[in-house]
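Understanding the architecture of this molecule
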Amino acid sequence: MHTRSNNDKAIYRKTITDRIFWSVIAVGAVIASLIMVLIVIFLVVESYDFIDRVGVLHFVTDDGWWPLDQLYNLTPMLVASLGVSFGALAIASPLAIIFSVYCVFYNKGWWQGFFERIVDVTAAIPTVIYGFWGLMVVVPIMNKFTSHGVNLFSGMLVLAMMIFPTIAMLTTSALKSVPFNQIQGATALGVRRSSLIKKIALPHAKPGIVMAMILGITRAIGETMVVLMLCGNVVQFPSSLFDPTRTLTANIALEMPYAMGDHRSSLFVTGLMVLIVVSILVIISEVYANRKRTMNH
Amino acid sequence: MSTTTFAHNTKKHNANDWLATTVIYIFSALVLIALALPIGEIIINGYDKLSFDFITQLPEDSGRSGGISSILASTALIVLIAMITATPLALCTAIMLTEYLPEHSLRSSIIRGSLDVLAGVPSVVFGLFGLAFFCQTLELGYSILAGGLTLSCMILPTLSRSITSALHTVGDEYRISGAALCLSRLSTLWHVTLPVVLPGIAVSVLLGLTRAIAETALLLFTSGYSDKMPSSITDSGRSISVHIYELATNVPGGQQSAYGSALVLLLSLLLLSVLLHLTTHKLQRRMIRG
């Protein structure tokens, strides 16, 4: 930290080219920081007139989603978004924690780093490929058990596979940050590997694991392709795991290419809602991280 | 008495340990299999389709037969535009944060904060923004240019974050020596800092490229659906990921071509990942040599 302030104090020679360069850099940095502002402005501008005219209540009390008949209830899709994401998190995070424990504490062979690299590679697989694979493999299997192969559960399952690498990578690095002397001390006291993991490693890594889970669910809620291809896209409150349903993000991707007028504005409202849900999650993670930081001091 | 309790505990602990080990091994094996399934499926089914003709011919019959040459051209153009616009902006931001602004100043936290928030925005929201701003306000229409520019907004935070951390790896002794030698900041950057971090910047660009190629949702309604060979960047063009989505959902009988395209996409990502690995390796060797 103080090495940086040394650089801040360093007195450089000032030339005219340096001034010009500084202004170029400043313009670039300002443009980059303005993009976020632009996004919010455009979403609000596109939907403001519409919200003002229709009223916020319509988005929660209308009789369903029939945008061409001026019915704009978004709650079924909000519930579906949250349901599918939390479901995916519930499937992915225990497996991710178990897998990370295996990678850090059990995997001692020649393939030690190999499994972690596999997770790295799978993290880069495009979501459309997960969606396509789900459509080709998961849906036919699901069709044997229920009438709708494309349903909440198919989406959840494939979404879980998609967010697994994110959670596993962050959990692994959290487990690796457990101080070595604690592990050494516990081993010297004769603590078994399972108790070592349960009593020392996992509690120590807990903040990191929670952050990994929050990041995972943020990705899941923002994800479009997998839920678009696998959840069935019927607007309804899912009454069981095997009902087809439509999420907020899928709604945008599905109807945007042909939407006009008020219908189009209502999709911008949908986008605004996705952004709000994601922001709430980001704020929760920030607050959590800050609390952990102050607790450690 | 106490020894018996102890022995009993040990036996119980042994059983627990054994149980935990078994559970962990079984679930880890299951996870590894699950991770390998999609890749295996795509390779097995896409292998037949993959040929020189598939890559060099135009798609026919909505993509059911023929190749994907025009799709690859559109993808390349979209990604190229995204990288050309995002890289300079990311470089500017990174240089601003590391070279000019003090670490804890208000201005640097505003820049860093806005990019952090941008990194959390879902891609479909970027798509909405691109549609409203690039396609309509700037009147670019559904075009490769609009798609590429929207994509550049999406990869900007990733790119600038990794370039910033690459610039941070250069010790401040380098910069202070530059100042001591009566160089300007620009000369220090150009002659001292940049040569050291060039491999790091290459890694960042490759990482951004990987994300750009994999993106779908944002391009669905910014770059258009046309599968014709693009003649200019204002034409509508379909990226390979959108092509896979179209073939899988809207074109009955398009699965074989979808498998082929998915394999091409996976292979190009693999190629990038190998490149990334080699570059990182080179970087490490260079750092060790000093």
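What you see is a predicted model, and the numbers here were worked out from it, not measured in a lab.

Procedures and definitions
Residues numbered from 1 in each chain as written. Chains lettered and ligands numbered in written order. Predicted model: local features only at pLDDT ≥ 70, side-chain atom pairs only at ≥ 80, totals over all residues. Heavy atoms only, no water. Helix = DSSP H or I, 4+ residues; strand = E, 2+ residues; numbered from the N terminus. Buried < 20%, exposed > 50% of the residue type's maximum accessible area, 1.4 Å probe, protein only. Contact = heavy atoms within 4.5 Å. Areas by Shrake-Rupley, 256 points an atom, 1.4 Å probe, with all protein chains shown as cover. Lys, Arg positive; Asp, Glu negative; His and termini not counted. Charge placed at Lys NZ, Arg CZ, Asp CG, Glu CD. Salt bridge = Lys/Arg side-chain N within 4 Å of Asp/Glu carboxyl O. Arc of directions from axis to C-beta. Patch = residues over 30% accessible without salt bridge, like charges linked within 9 Å, V, L, I, M, F, W, Y side chains within 5 Å. Polar contact = N/O pair within 3.5 Å; in protein donor to acceptor, adjacent residues only side chain to side chain. Nonpolar A, V, L, I, M, F, W, Y, C, P; charged D, E, K, R; others polar.

Re the overall build of chain B
What chain B contains, in helices and strands, is 11 helices and 2 strands. Listing every helix and strand of chain B by position from the N terminus yields α-α-β-β-α-α-α-α-α-α-α-α-α. With the C-alpha coordinates of chain B rotated into their principal frame, the extents come out at 85 × 65 × 35 Å. Burial analysis of chain B (290 residues in total) assigns 51% to the buried set. Taking all contacts inside chain B whose residues are at least 6 apart in sequence as the whole, residues at least 24 apart take part in 73%. Accessible area of chain B: about 13,200 Å², with a carbon and sulfur share of 68%. Across chain B, 16 positive and 16 negative side-chain charges occur, with their mean positions spaced 11 Å apart.

As for the side chain of Asp-227 of chain B
Along the polypeptide, Asp-227 of chain B turns up in the loop between helix H9 (217-220) and helix H10 (240-249). Arg-238 of chain B provides the closest opposite charge to the buried, salt-bridge-free Asp-227 of chain B, at an N-O distance of 4.5 Å.

Section: helix H7 (residues 172-180) of chain B
One full turn of an α-helix is made of 3.6 residues, so residues set three or four places apart face in the same direction. All names here are of chain B. Those residues of H7 that sit buried are Asp-172, Arg-175, Gly-178 and Ala-179. All buried residues of H7 fall inside an arc of 120° around its axis, so they share one side. Counted as exposed and oriented over 90 degrees from the buried face of H7: Glu-173 and Ala-180.

What about a nonpolar patch on the surface?
A surface patch of nonpolar side chains, about 600 Å² in accessible area, is lined by Trp-18, Leu-19, Val-23, Ile-26, Phe-27 and Leu-30 of chain B. Here Leu-30 of chain B lies in helix H1 (residues 2-46).

Description of the interface of chain A and chain B
Each partner contributes to the interface: chain A provides 74 residues, whereas chain B provides 86 residues. Summed over the shared surface of chain A and chain B, the number is 0 salt bridges. Joining chain A to chain B, the criterion identifies 3 residue pairs in polar contact (both at pLDDT 80 or more). Of the residues that constitute the side of chain A that touches chain B, the class distribution is 52 nonpolar, 13 polar and 9 charged.

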